[in-house]
Amino acid sequence: MSKLSDRVASQLQIKIKQEEHRAAQRDQFVDSYHYLTLSHLFETKGDLEKALLVLNRFLNLGRANPTDEALVRQKQQQIKNAIHLSRQDTQRPLDIDALAAKFDLEAMASDEVEWISPDITVGSFTNNRTSSKQEKIESTEELPADPIKLVTICAAYTGKTLTDEIYELSLVAFNYCRNNDRVLNIIEQYHGLRTPIKPIPDTVKMRVANPLISNNKQLLDQAKIINLLNDAYGVISHNDSYIERQHFLCLFPKFSHLKWWSSQQDIPWSALGFKEKSLTELLGFYGITNVPRTTTERAKGIGRLLSQKESNTNSSYFKRLLSCKSMKPVEWTSELKAQSAKVQGKLFAFMYAS
């Protein structure tokens, strides 16, 4: 490219980095304008691979609103088709300089600009960084989409006994494609608080980020939770999955049929070489250094962790987890039914799965 084009590309990358940082801090969508502009700049100069890399970056962030995502995916497919046709054209001269600079996007911007590497990130949850020399163009060959709706969950509760209960809940619903082993998009997320019958211990209040401090009774939005979980293929939690599921189903027994996995227990982290299997430690290994303190951050963190690819493989932890048997169905004992009726404010328990 010309020196002027180089400067424009550099400025666009800096703007993109700034917007991504701002969106991450505020948990907002990222606009596609600068990505499409930069991609078009590379495309007009004949560097289709760089143009594709820019669009892949936008889609891999997972911060696109549906309209922007559809627009970028349409442009992405156009460029993939153009790359395919150019490789079929045996008469096209080989541009040595373009090939040498193909993945050197980072060198065109300031040292603060870092680019997500498609070869170690998968889908909407990922945020790892690596040097430009390690970046690879995503394969242009994809299988037909085979999406399933999954939900990650993190709850805070008064304790781990049968009579304890949830007082804070976060859910993140997303589409995962089984054929292409990637998260396609985040559908919806929910965070809510409820005032438990059982008092929250002082020791628990000191550990959590959002303790109930209001004297007013707070309730979870049942309609939103039911809508989020409807048509879900399964649920994934991390720490204390058995307890977390039990407490959750006491509030929402209608979802007893859902498959449930533990990202901590169902994946053999020790056998895979990890010394710790806490969510924070595992995320830290992959360079996801934001400490997940709130239930929402932890629910998102589960998805980010499972989106990573296993060492020396091309498969994510999602693929391994879904190949495992889900947890055994909850056994609705008379004591558990009574606890469920109690936390729901009902006089009698009814319609429980066996």
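Enquirer: Break down the sheet that holds strand β4 (residues 234-237) for me, with residues and values.
Expert: Read across the open sheet, the 5 strands follow the order β3-β2-β1-β4-β5; overall the sheet is mixed. A strand with exactly one partner marks an edge of an open sheet, and here the two such strands are β3 (182-193) and β5 (259-262). If you compare each strand with its neighbour and ignore which way they point, the axes differ by 25° on average. Two strands pair when backbone bridges link them, and strand β2 (residues 166-177) and β3 are joined in this way by 10 bridges, in the antiparallel orientation.

Enquirer: Describe the pairing of β5, and please don't skip the residues or the numbers.
Expert: Here 4 bridges tie β4 to β5, and the two strands are oriented parallel to one another. Of the residues in β5, the one forming a bridge with G234 is K259. Traced from β4 through helix α8 (residues 241-251) to β5, the parallel crossover comes out right-handed.

Enquirer: Residues and numbers for the pattern of salt bridges, please.
Expert: Where charged atoms from two side chains of opposite charge come close, those side chains can pair. Considering all chains together, one arrives at 9 salt bridges under this definition. Note that R57 and E20 form a salt bridge whose closest N and O atoms lie 2.4 Å from each other. Placement of R57 in helix α3 (residues 48-61) and of E20 in helix α1 (residues 3-26) is noted, with a sequence separation of 37 residues between them. Assessed through its relative accessible area of 4%, R57 is described here as buried. When its relative accessible area of 6% is taken as the criterion, E20 is described as buried. In this structure, the salt-bridge partner of E43 is K75, at a minimum N-O distance of 3.0 Å. Placement of the pair is E43 in helix α2 (residues 33-44) and K75 in helix α4 (residues 66-88), with a sequence separation of 32 residues.

Enquirer: Before we move on, can you summarise the nonpolar core with the specific residues and values?
Expert: Counting residues in each nonpolar core, the largest one holds 29 residues, and the members touching the most others are L169, L171, I225, L229 and F248. For this core, the secondary-structure elements that each account for two or more residues are β1 (147-157), β2, α7 (222-229), α8 and α12 (334-344). In terms of residue count, the dominant contributor to this core is α8 (5 residues). Those residues in contact with L229, other than ones at most four positions away along the chain, are K149, V151, L171, V235, F248, F255 and L258. Membership of the second largest hydrophobic core comes to 22 residues, among which are I148, I288, L305 and L306.

Enquirer: Which residues make up the packing of α8 against α12, and what values do they have?
Expert: Following both chains from N to C, one finds α8 and α12 inclined at 60°, their axes separated by 7 Å at the closest point. Compared by their axis directions, α8 and α12 come out oblique. Here α8 runs over α12; the crossing is right-handed. Side by side, α8 and α12 meet where Q246, L249, C250 and L251 of the first sit next to L336, Q339, S340, V343 and Q344 of the second. Here the contact of α8 with α12 is composed, by residue class, of 5 nonpolar, 4 polar and no charged.

Enquirer: Can you lay out unusual backbone geometry for me, pointing to particular residues and giving the numbers?
Expert: The backbone of D181 shows a phi angle near 50°, a positive value even though the residue is not glycine. The backbone phi angle of D240 is positive, close to 50°, even though this residue is not glycine. Relative to the helices and strands, D240 is located in the loop between β4 and α8. Residue classification places D240 among the partly exposed residues on the basis of a relative accessible area of 32%.

Enquirer: Got a sec to walk through the environment of V8? Specific residues and values, please.
Expert: With respect to the element layout, V8 can be found in helix α1. The sequence separation of V8 and L41 amounts to 33 residues, and the corresponding C-alpha distance is 8.8 Å.

Enquirer: Let's hear about the side chain of Q308: which residues, and what values?
Expert: Residue placement: Q308 occurs in the loop between α10 (295-306) and α11 (317-323). You can call Q308 buried: its relative accessible area is 1%. Here R304 takes part through its backbone oxygen, which lies 2.8 Å from a polar atom of the side chain of Q308.

Enquirer: Describe the confidence of the model for the protein chain, and please don't skip the residues or the numbers.
Expert: On average, residues of the protein chain score 79 in pLDDT, and 76% of them are at 70 or above. Of the regions scoring below 50 in pLDDT, residues 90-123 engages in 79 contacts with residues more than four places distant in sequence or in other chains. Low pLDDT, under 50, characterises residues 350-354; the predicted model gives this stretch 10 contacts beyond four residues in sequence or across chains.

Enquirer: Talk me through the packing of aromatic side chains; I want residue IDs and the actual numbers.
Expert: The final tally for this structure, using the stated rule, is 12 aromatic pairs. Ring geometry for F274 and Y286: centres 6.3 Å apart, planes at 40°, overall tilted. Of this pair, F274 sits in the loop between β5 and α9 (279-285) while Y286 sits in the loop between α9 and α10, and the two are 12 residues apart along the sequence. Relative accessible area serves as the criterion here: at 14%, Y286 is assigned to the buried category. Grouped by ring-pair contacts, the aromatic residues W269, F274, F285, Y286 and Y317 constitute a single cluster. A cation over a ring is seen here: R178 above Y233, with NZ or CZ 5.3 Å from the ring centre.

What counts, and at which threshold
- Residues numbered from 1 in each chain as written.
- Predicted model: local features only at pLDDT ≥ 70, side-chain atom pairs only at ≥ 80, totals over all residues.
- Heavy atoms only, no water.
- Pairing = 2+ DSSP bridges.
- Helix = DSSP H or I, 4+ residues; strand = E, 2+ residues; numbered from the N terminus.
- Axes fitted to C-alpha atoms, helices over the stretch in contact; angles between N-to-C directions.
- Right-handed = clockwise from strand over helix to strand, strands pointing away.
- Salt bridge = Lys/Arg side-chain N within 4 Å of Asp/Glu carboxyl O.
- Buried < 20%, exposed > 50% of the residue type's maximum accessible area, 1.4 Å probe, protein only.
- Core = buried A, V, L, I, M, F, W, Y, C linked by side-chain atoms within 4.5 Å.
- Contact = heavy atoms within 4.5 Å.
- Parallel < 35°, antiparallel > 145°, perpendicular 65-115°, else oblique.
- Left-handed = near helix turned anticlockwise from the far one by under 90°.
- Nonpolar A, V, L, I, M, F, W, Y, C, P; charged D, E, K, R; others polar.
- Polar contact = N/O pair within 3.5 Å; in protein donor to acceptor, adjacent residues only side chain to side chain.
- pLDDT = per-residue confidence, 0-100.
- Phe/Tyr/Trp six-rings, centres within 6.5 Å; stacked < 30°, edge-to-face > 60°.
- Lys NZ or Arg CZ within 6 Å of the ring centre and 35° of its normal.

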